[in-house]
Amino acid sequence: MTSTANQDPNDFLPLSPYVFHILMALARGEKHGYAIMVDVEERTDGRLVLGTGTLYSAIKRLLKAGWIEESDERPDPALDDERRRYYRLTELGLRVARAEANRLSRTVHLAAQSGLLSGMAVLRRAGAPS
Amino acid sequence: MTRDNPLVALTWQVYRLLLMIYPANYRREFGREMSLAFHDYCRRTVRQKGVYGLFQIWLITGVDLVATALMERLTEVREMSSHSVARLLGAIGTLGGLYAAIVGVVWLAVGEQTPDSLPFLPFYTIAIAIGCLGLFLKSDSLGPDARFGAAVAFIGMAMGTVGMVLMLLEQDGGWLMWFIGALLLHPLGLILVGATSQGLPAFWKATPILTGALTIALMVISLAPDGSWLFGLLMVLFGTGWILIGQMPIFRVRAEARA
C-alpha cells in the first residue's frame, strides 16, 4: 500500500461540495456529526443542508480513505456527549482540503479574468493582478 | 434533558425505524450517531422555525435516506460479492488440486491411468481454471504483472480443459491444446504470479512458482515413454501445490479484512 505521505492530494480532486464542506468544518477543529451539520449549514447561510444519510455516508468514505480519523480526545466534560464520536482531519485530509481550496481559488481567479464576476473588489478578493 | 415536543418525538421514532433500510453493518457503525444527530437537528429546527420546520426536514431526509441507503446496500453487495466470490473460486481451485493429487496417488498405486477415471479428468482442470479466476479477482492488490499472470494461468487451464474434452471425444488437436494450455501457459502464468506479486509473504510467493515449475517438469516427463510413476508423483505434487494456491484468494480476502 502507498504511504499517505507519498500520495499526491491533487489525485483526489475535484471533491464533491459535500465532502469539501465536511473537510472545511473539520479544519476548524474536531467535531461530531451533528456539529458538522450545523457548521456547514451556518457557514453557507442555509444554502447547503447536509442530511444525516449524506453526512455519515461521506464520513464512512473519508474514514476509509484516511482523510479523517476518530479522535481519542474528549472535549470539556460539561460539553461532552460520550455517546458521540468526534472526528478530526488527518494530515492527508488536510493536504487534500488545501489542494481543493487552491483549485477552487484558481477557478474563481479565471472566472474573474473572464469577466464573469463583476467589480474590482471581487477581483481583488480572488487575487487577480490589478 | 428537556422533554421533546410530541411531533419531534414522533419524527425521531419514525426516523429510527427508517434506519432499518440501511445494511446491518452500516447501522451498527453509524446508526446510533445518525439517530442522535437527527434528533438534535429536529430539536434545533423546531426551536428556530417551529413545527413546520419538521416538514422541511422530511423533504430533505426522505430523499437523503433512500438515496444513501441504496448506495450503501449496493456498496455492501459489491464488496461482499467480490470477497465471497473470490473465496468460493479459491475453494473450488483447492478442490481441483485435491482431485489432481488423488489422481496422482491412484496413478502411483495402480501404475498407470485407469480408463474408468478418464471421463472425470476434465473436472480437475475445470476446478483449477475456476481457481485461477479467483486468483485473478484477488490479484489486483498484488500488482499488474501478477494480475496478468493469473489471467494467463486461467487461459491456459481453460485451454487445457477444452483440450482434454476433445481428447475424450477423440477429436483432433485435443492433446496439443491440452499440452499448450495446461502444461505450458498455465504454469508460466503461475510462475509470473509468484515472481511478480507484491506484498505477499515468501511462502505464498514460492507456492505458485514451485507449482508452475513442477507442471513444466510434468510436461517434459509426459514426453518420456516410461515416465508413468514419475508423472504420478509430479501430479501429486502439482495437486498439492494447487491445494495451497486455491487458498491464496482466501488468504488475500482475510488479509484485506484485517487491514
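It should be noted that the structure appears before, not after, this text.
The structure contained in this document is the topic of the report that follows. As the structure is a prediction and not an experimental result, all values here were calculated from the model.

Here we look at the nonpolar core
Alright, step 1. Counting 46 residues, the largest nonpolar core has L23(A), I36(A) and Y56(A) as its most contacted members.
Alright, step 2. Those elements giving two or more residues to this core turn out to be α1 (17-27), α2 (33-43), α3 (52-65), β2 (87-89) and α4 (91-113) of chain A together with α1 (6-18), α2 (24-49) and α3 (52-110) of chain B.
Alright, step 3. Ranked by the residues each element gives to this core, the list is headed by α2(B), at 8 residues.
Alright, step 4. If we skip the residues at most four places from it in the chain, L23(A) touches L15(A), L62(A), W67(A), I68(A), L89(A), G93(A) and A97(A).
Alright, step 5. Counting 34 residues, the second-largest nonpolar core is a separate cluster that includes W107(B), A153(B), F231(B) and I245(B).

Here we look at empty space enclosed by the protein
Alright, step 1. On inspection of all chains with the given rule, the structure shows 2 cavities of 30 Å³ or more.
Alright, step 2. Each pocket or cavity is described by its volume, and for the largest cavity that value is around 70 Å³.
Alright, step 3. Residue lining of the largest cavity: E41(A), V49(A), Y41(B), T45(B), Q48(B), K49(B), G53(B), Q56(B), I57(B) and I60(B), and that is the complete set.
Alright, step 4. Taken together, the elements giving at least two residues each to the lining of the largest cavity come down to α2 and α3 of chain B.
Alright, step 5. In terms of residue class, the lining of the largest cavity is made up of 4 nonpolar, 4 polar and 2 charged.
Alright, step 6. Estimates place the volume of the second largest cavity at around 60 Å³.
Alright, step 7. In terms of lining, the second largest cavity is formed by M37(A), V49(A), L50(A), G51(A), T52(A), F38(B), Y41(B), I57(B), I60(B) and T61(B).
Alright, step 8. Listed by contribution, the elements that provide at least two residues to the lining of the second largest cavity are α2 and α3 of chain B.
Alright, step 9. By residue number, the principal contributor to the lining of the second largest cavity is α3(B), which donates 3 residues.
Alright, step 10. Taken together, the residues of the lining of the second largest cavity break down into 7 nonpolar, 3 polar and no charged.

A few points about the interface of chain A and chain B
Where the parts come together, the accessible area they lose is often given as the size of the interface.
Alright, step 1. Of the residues lining the interface, 21 residues belong to chain A; the matching set on chain B comes to 22 residues.
Alright, step 2. For the salt bridge of E72(B) with K60(A), the shortest nitrogen-to-oxygen distance reads 2.6 Å.
Alright, step 3. Where chain A packs against chain B, one counts 13 residue pairs in polar contact (both at pLDDT 80 or more).
Alright, step 4. Contributing elements (two or more residues each) for the side of chain A that touches chain B: α2 and α3 of chain A.
Alright, step 5. Tallying contributions element by element places α3(A) first for the side of chain A that touches chain B, with 10 residues.
Alright, step 6. Here the side of chain A that touches chain B is built from residues that sort into 8 nonpolar, 5 polar and 8 charged.

Thresholds, definitions, all that
- Each chain carries its own residue numbering, running from 1 in the direction its sequence is written.
- Starting at A for chains and at 1 for ligands, labels are handed out in the order in which the entities are written.
- Reporting of local features is limited, given that this is a predicted model, to residues whose pLDDT is at least 70; pairs of side-chain atoms are given and counted only at 80 or more, and all residues count toward the totals for whole chains, interfaces and linings.
- Only hydrogens and water are set aside when side-chain values are computed; all heavy atoms of the structure are taken into account.
- The nonpolar core is taken to be a set of buried Ala, Val, Leu, Ile, Met, Phe, Trp, Tyr and Cys residues, with the residues joined through side-chain atoms within 4.5 Å.
- With a 1.4 Å probe rolled over the protein chains alone, any residue whose accessible area is under 20% of its type maximum counts as buried; one over 50% counts as exposed, and the rest are partly exposed.
- Secondary structure follows DSSP: runs of H or I at least 4 residues long count as helices, runs of E at least 2 residues long count as strands, and numbering of each begins at the N terminus.
- Residues are treated as being in contact if the distance between any of their heavy atoms lies within 4.5 Å.
- Buriedness of a pocket was judged along seven lines, with at least five required to meet protein on both sides within 12 Å; pockets are open sets of points on a 1 Å grid over the protein atoms alone, cavities are sets where a 1.4 Å probe fits but cannot get out, and lining residues have an atom within 4 Å of a point.
- Grid points are joined across faces, edges and corners, and a volume is the space filled by probe spheres set on the points.
- Any residue that is not Ala, Val, Leu, Ile, Met, Phe, Trp, Tyr, Cys, Pro, Asp, Glu, Lys or Arg is counted as polar, Gly included; the first ten are nonpolar and the last four charged.
- The term salt bridge refers to a side-chain nitrogen of Lys or Arg lying within 4 Å of a carboxyl oxygen of Asp or Glu.
- Here a polar contact means two N or O atoms within 3.5 Å. Within protein one must be a hydrogen donor candidate and the other an acceptor candidate, and residues neighboring in sequence count only if both atoms are side-chain atoms.

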